[in-house]
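Next come the chains, spelled out residue by residue.
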Amino acid sequence: MSVFAVSGGCYLGRVKMAENMSLLGLEDELTCSICLCLFENPVSLICGHSFCANCLEATWNERVSSLSCPQCRMVFPSKPELKKNTVLSAVLDAYRIKAGVSEPVKEHFEVKKKDPNAIKCDNCMEAKAVKTCLTCMASYCEDHVRPHRENAIFRAHQLSDPLPDLMERLCSHHGKLMEFYCSQHQSCICSTCLQDMHKGCEFITTDERRFKQKTDLTDKLNILEVKTDKNQQVIIQMKEQQNKLKDLAVTRKRILEAEYRQIREMIDRDEKEAMLAIDKEQEKGQSKLVSLMKKFNENIEKMNRTKSEINSLLDQSQSLEFLKVSVDLPSVVNFEPYNPRINVEGKEVIAYHSSAVALKEWITKIMDHPLENRISVLKPEFGKSVLGAGNQFPGILSETPAVLPNPRDMSHMRITSPDRGPKPKFSGAKQKISSKSANKDQKDHKERKDQKPNKSRNPSKGENPLFSKSMENLLDTAAKTVDIPDINSPASSPALQNSVKRSDLLKYGTILNFDFRTAHKRISLSENNTKATVSDETAHYPDIPLRFSVCSQVLCTKGFSQGRHYWEIKMSSNNFCGLGLAYGRIDRKGPSSRLGRNADSWCVEWFNIKLSAWHNSVETVLQNPNPSRVGVLLDCDQGSATFYNVQDRAYPFHTFVFPFTEAVYPAFWIFSNGSSVSLCKLSN
């Protein structure tokens with residue numbers, strides 16, 4: 001071989017390698033921005049952006065108000081017709097071949113078979129074939145198959161039903177019928193192949209192989225049918241469970257509504273009596289003022305009469321009679337008028353006001369405690385009995401947090417056991433009273449409910465309205481089941497009635513900056529790395545291991561492992577963005593690097609108009625307060641992170657509770673083109 005031939009071959013090899021490398025470099029461009037996987041059945045919109053057909057349909061199905069492009073937010077007046085992007089599909093096919101990626105599994109497929117009725121006789125080429133001779137390798141009609149049936153010469157020939165794939169049964173190398181199946185090479189072979197290329201291989205006849213295949217497929221079909229039946233039975237059981245849960249929820253709601261209604265009725269009656277007491281004090285003061293005003297008006301009339309008499313005498317000052325007249329002042333001139341200080345602060349009103357303030361503080365203190373600790377505050381003897389049952393209920397004390405949040409320091413948090421996610425692993429998470437005592441409590445509860453509610457008590461008489469029968473009923477009902485939360489799962493925090501002063505949070509304020517090394521190439525940083533904006537234009541950032549390469553995300557430079565820290569974020573749009581926390585070891589390159597889709601990150605995410613809390617790929621749907629400014633309070637010592645809707649005050653809308661094992665960094669995900677998030681300067 002000449003030198004030129006060798007050099008030419010090397011050159012062609014390098015060219016082919018360069019083509020493969022350039023094609024493999026298109027992985028980011030061939031990835032759907034919604035599911036972060038290679039396109040499947042790509043479709044394009046009029047704005048030029050492409051998505052998987054199923055991903056786009058699922059996104060639009062979640063929308064309520066309008067249809068728009070998930071990337072550039074272009075709004076469509078009506079649902080556009082989705083057409084397949086044939087050029088992108090061709091590039092995907094070429095990429096899969098070069099990268100060795102298998103085709104996606106198709107949900108539906110059809111096997112086209114030839115019509116046996118269309119097989120013609122190979123002799124006359126007109127009549128329909130009724131038999132195929134596997135020895136002659138030809139098909140015959142009723143007339144031309146007669147020699148095979150009547151002539152003894154053709155007795156050894158093998159007849160079968162008409163075969164549409166007769167020519168496909170011939171060996172492409174030797175032209176003979178492939179009567180055998182090579183198990184080693186998994187292919188059909190003829191007798192010559194068996195003696196030549198497949199000499200020494202294990203083989204069986206095609207009929208044996210066909211029987212074995214049919215048996216295997218039949219067995220698999222039976223397994224699938226059995227499993228399908230089991231799944232259907234489980235679904236039926238789940239539906240029955242759904243109906244039972246619905247009935248139980250309705251019953252529980254009715255009981256709780258009755259208890260809360262009685263509490264409200266008592267408070268309403270007490271409020272009405274307090275208002276009546278104020279009205280009485282007002283009437284008493286008004287009556288006293290009217291009486292004094294009447295008396296002062298009478299004094300004024302007496303003094304006016306004396307003034308008139310004096311003026312009349314002054315007009316006659318030149319007469320002799322004027323010299324003899326004397327006028328005495330009325331006795332009222334010796335009375336000094338005064339304006340009495342009258343108010344409605346009577347003893348009864350002060351008693352009502354004091355008891356209302358005390359009641360509010362007491363309820364606030366109760367509501368500030370985590371739900372699982374309220375029973376121990378309302379009934380200390382019950383809480384001690386539960387906490388002291390370590391030997392009776394193993395596992396409770398070992399998995400309950402040793403130190404609960406201080407209600408004064410954590411007054412903004414109401415941590416409840418999550419309705420979703422895994423249940424606590426330890427047994428005895430719900431400790432129930434024995435059936436005998438439970439039945440007795442239910443009987444007492446029913447007797448108390450049958451009684452007429454007492455009239456509201458007068459706080460001025462020294463009676464405490466807090467421990468009424470309705471309140472005792474509430475405690476008895478709540479005390480029958482004690483839930484110990486799983487601290488390893490995110491705790492959902494609903495909207496609270498009590499907001500938090502922003503100044504109370506600002507004392508934990510910290511200064512943050514975005515980490516340039518972690519920013520995705522779609523994210524541009526500005527304003528001294530305190531503002532992050534996403535766009536379709538990629539920035540020329542260096543490729544380093546710390547940088548996110550799949551999801552448009554960025555971390556902050558500062559991480560926290562102890563103490564309390566607070567920061568605020570301003571969002572230009574709360575659609576398709578996420579705010580959260582992440583360990584420094586979070587994945588940066590794969591689809592699992594998205595915030596909340598792994599065990600190393602937590603986030604609240606706005607996907608279109610839906611707000612969800614994510615951790616370890618578990619989603620909790622939240623009520624969306626549509627905030628433009630969000631505050632985050634991180635308590636590393638207590639293992640919690642609370643998100644606030646910041647306005648004139650701070651309104652918490654979700655809390656994560658998790659024992660952080662290392663430093664966590666503020667993390668952000670931005671998707672919509674032109675959207676931005678800014679780290680706010682904290683000031684009152």
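Looking at an unreviewed UniProt entry, the protein carries the name RING-type E3 ubiquitin transferase, with the source organism given as Carassius auratus. Per UniProt, the comment on the protein under Catalytic activity (unreviewed entry) is "S-ubiquitinyl-[E2 ubiquitin-conjugating enzyme]-L-cysteine + [acceptor protein]-L-lysine = [E2 ubiquitin-conjugating enzyme]-L-cysteine + N(6)-ubiquitinyl-[acceptor protein]-L-lysine." UniProt, in the comment section headed Pathway (unreviewed entry), describes the protein in these words: "Protein modification; protein ubiquitination."

*Asks:* I'd love a proper account of the overall build of the protein, names of residues and values included.
*Replies:* Across its full length, the protein holds 14 helices and 26 strands. In the protein, the share of contacts with a sequence separation of at least 24, taken over all contacts with a separation of at least 6, comes to 62%.

*Asks:* Account for the pairing of strand E18 (residues 577-583), with residues named and values stated.
*Replies:* E18 sits mainly inside the fold: seven of its seven residues count as buried. Two elements, E18 and strand E19 (residues 601-607), share six bridges in a ladder whose sense is antiparallel. Note on E19: the bridge partner recorded for Ala 582 is Ser 601. Relative to strand E25 (residues 664-670), E18 is paired through seven bridges, and the arrangement is antiparallel. Residue pairing across strands places Gly 580 opposite Ala 667, the latter belonging to E25.

*Asks:* Can you lay out the packing of helix H6 (residues 206-315) against helix H8 (residues 347-368) for me, pointing to particular residues and giving the numbers?
*Replies:* In a packed pair of helices, the relevant descriptors are the angle between the two axes and the axis-to-axis distance. At their nearest, the axes of H6 and H8 sit 9 Å apart, and the two run at 150° to each other. Taken together, H6 and H8 sit at an angle that is classed as roughly antiparallel. In this structure, H6 crosses over H8, and the sense of that crossing is left-handed. Every residue of H8 that contacts H6 at Asp 270, Glu 273, Ala 274, Ala 277, Ile 278 and Glu 281 is listed here: Glu 348, Val 349 and Tyr 352. Of the residues in the contact of H6 with H8, the class split is five nonpolar, no polar and four charged.

*Asks:* How would you summarise the pattern of salt bridges if you had to cite specific residues and measurements?
*Replies:* A complete count under the given rule lists 18 salt bridges for this structure. Of the charged contacts, one joins Glu 281 and Lys 284 as a salt bridge, the two residues approaching to 3.9 Å between their closest N and O atoms. Pair noted here: Glu 281 and Lys 284 are both in helix H6, with a separation of three residues, about one helical turn. Taking relative accessible area as the criterion, Lys 284 reaches 55% and is therefore assigned exposed. Residue Arg 629 is joined to Glu 568 by a salt bridge in which the shortest nitrogen-to-oxygen separation is 2.8 Å. On the criterion of sequence distance, the pair formed by Arg 629 in strand E22 (residues 629-635) and Glu 568 in strand E17 (residues 564-571) is long-range, its members being 61 residues apart. Taking the relative accessible area as the measure of exposure, Arg 629 reaches 23% and is therefore partly exposed. Because the salt bridges share partners, they merge into one network encompassing Arg 502, Glu 568 and Arg 629.

*Asks:* Talk me through the nonpolar core; I want residue IDs and the actual numbers.
*Replies:* Formed by 39 residues in total, the largest nonpolar core has its most connected members in Phe 514, Leu 579, Val 604, Trp 606, Leu 634, Phe 668 and Val 677. The leading source of residues in this core is E18, at four residues. Residues within four places of Leu 634 in sequence aside, it is in contact with Phe 560, Gly 563, Arg 564, His 565, Trp 567, Leu 581, Ser 640, Ala 641, Phe 660 and Val 664. Counting residues in hydrophobic clusters, the runner-up holds 18 residues, among them Ala 53, Phe 76, Leu 92 and Tyr 95.

*Asks:* Any chance you could break down the state of the cysteines for me, citing the residues and the numbers?
*Replies:* Considering all chains together, one arrives at zero disulfides under this definition. In this structure Cys 136 is a free cysteine whose sulfur lies 3.5 Å from that of Cys 133, the closest cysteine sulfur available.

*Asks:* Tell me about the environment of Leu 505, and please be specific about residues and values.
*Replies:* One can find Leu 505 in helix H14 (residues 502-506). Among the residues examined, Leu 505 registers a relative accessible area of 2% and is labelled buried. Sequence spacing of Leu 505 and Trp 567 is 62 residues, and the spatial spacing of their C-alpha atoms is 8.9 Å.

*Asks:* With reference to specific residues and values, describe the sheet that holds strand E10 (residues 187-189).
*Replies:* Taken in spatial order, the three strands line up as E10-E9-E11 in an open sheet, and their pairing is antiparallel. Looking at which strands have only one partner, the edges of the open sheet turn out to be E10 and strand E11 (203-205). Taking the axes of each pair of neighbouring strands and ignoring which way they run, one obtains an average angle of 35° across the sheet. Strand direction decides the pairing type here: strand E9 (residues 180-182) and E11, joined by three bridges, are antiparallel. Opposite Cys 182, over in E11, you have Phe 203 as the bridge partner. Of the strands in this sheet, E9 and E11 are in contact with H6, which crosses E11 at around 90°.

*Asks:* An account of the sheet that holds strand E7 (residues 138-140) is requested, with residue identities and associated values reported.
*Replies:* Pairing in this open sheet of three strands is antiparallel, and the strands run E7-E6-E8 from one edge to the other. The sheet terminates laterally at E7 and strand E8 (159-160), the two strands that pair on one side only. Taken together, the two bridges between strand E6 (residues 131-133) and E8 define a ladder with antiparallel strand orientation. Paired with Cys 133 across the bridge in E8 is Leu 159.

*Asks:* Provide a residue-level description of unusual backbone geometry, including the pertinent values.
*Replies:* Phi at Leu 36 is positive, roughly 60°, even though this residue is not glycine. Here Leu 36 shows up in the loop between helix H1 (3-24) and strand E1 (42-44). Judged by relative accessible area, Leu 36 falls into the buried class, the value being 15%. A positive phi is found at Glu 527, a non-glycine position, where the angle reads about 50°. Residue Glu 527 is classed as exposed on the basis of its relative accessible area, which comes to 52%.

*Asks:* I'd like a description of the environment of Trp 669, backed by residues and values.
*Replies:* Relative to the helices and strands, Trp 669 resides in strand E25. Given a relative accessible area of 5%, Trp 669 falls into the buried group. Put simply, Trp 669 and Arg 594 are 75 residues apart on the chain and 7.9 Å apart in space, counted from C-alpha to C-alpha. Setting aside residues no more than four positions away along its own chain, Trp 669 makes contact with Ser 552, Gln 553, Phe 576, Cys 577, Gly 578, Arg 594, Leu 595, Glu 605 and Trp 606.

*Asks:* Tell me what's going on with H8, and back it up with residues and numbers.
*Replies:* An ideal rise of 1.5 Å per residue puts 32 Å on 22 residues; H8 measures up with 31 Å between its terminal C-alpha atoms. Inspection of H8 places Val 349, Ala 351, Tyr 352, Ser 355, Ile 366 and Asp 368 among the buried residues, and these make up the whole buried set. Turning to H8, the residues buried within the fold contact H6 and helix H9 (374-378).

*Asks:* Pulling in residues and values, what's your account of the pairing of E17?
*Replies:* Summarising burial for E17: six of the eight residues are buried, a large majority. Bridge count for E17 against E22 is seven bridges, and the pairing is antiparallel. Looking at the pairing, Tyr 566 lines up with Leu 633 of E22. Taken together, the three bridges between E17 and strand E26 (residues 676-679) define a ladder with antiparallel strand orientation. Following the sheet pairing, Met 571 is matched in E26 by Val 677.

*Asks:* Which residues make up the confidence of the model for the protein, and what are the values?
*Replies:* With 76% of its residues at a pLDDT of 70 or more, the protein shows a mean pLDDT of 77. Every residue in residues 1-13 is under pLDDT 50, and counting partners more than four places away or in other chains gives one contact. This model gives residues 105-114 a pLDDT under 50, and the stretch forms two contacts once residues within four places in sequence are excluded.

Scoring rules and cut-offs
Residues numbered from 1 in each chain as written. Predicted model: local features only at pLDDT ≥ 70, side-chain atom pairs only at ≥ 80, totals over all residues. Heavy atoms only, no water. UniProt positions renumbered as here; feature names shortened; annotations may be inferred. Helix = DSSP H or I, 4+ residues; strand = E, 2+ residues; numbered from the N terminus. Contact = heavy atoms within 4.5 Å. Buried < 20%, exposed > 50% of the residue type's maximum accessible area, 1.4 Å probe, protein only. Pairing = 2+ DSSP bridges. Axes fitted to C-alpha atoms, helices over the stretch in contact; angles between N-to-C directions. Parallel < 35°, antiparallel > 145°, perpendicular 65-115°, else oblique. Left-handed = near helix turned anticlockwise from the far one by under 90°. Nonpolar A, V, L, I, M, F, W, Y, C, P; charged D, E, K, R; others polar. Salt bridge = Lys/Arg side-chain N within 4 Å of Asp/Glu carboxyl O. Core = buried A, V, L, I, M, F, W, Y, C linked by side-chain atoms within 4.5 Å. Disulfide = S-S within 2.5 Å. Expected span 1.5 Å × (residues − 1). pLDDT = per-residue confidence, 0-100.

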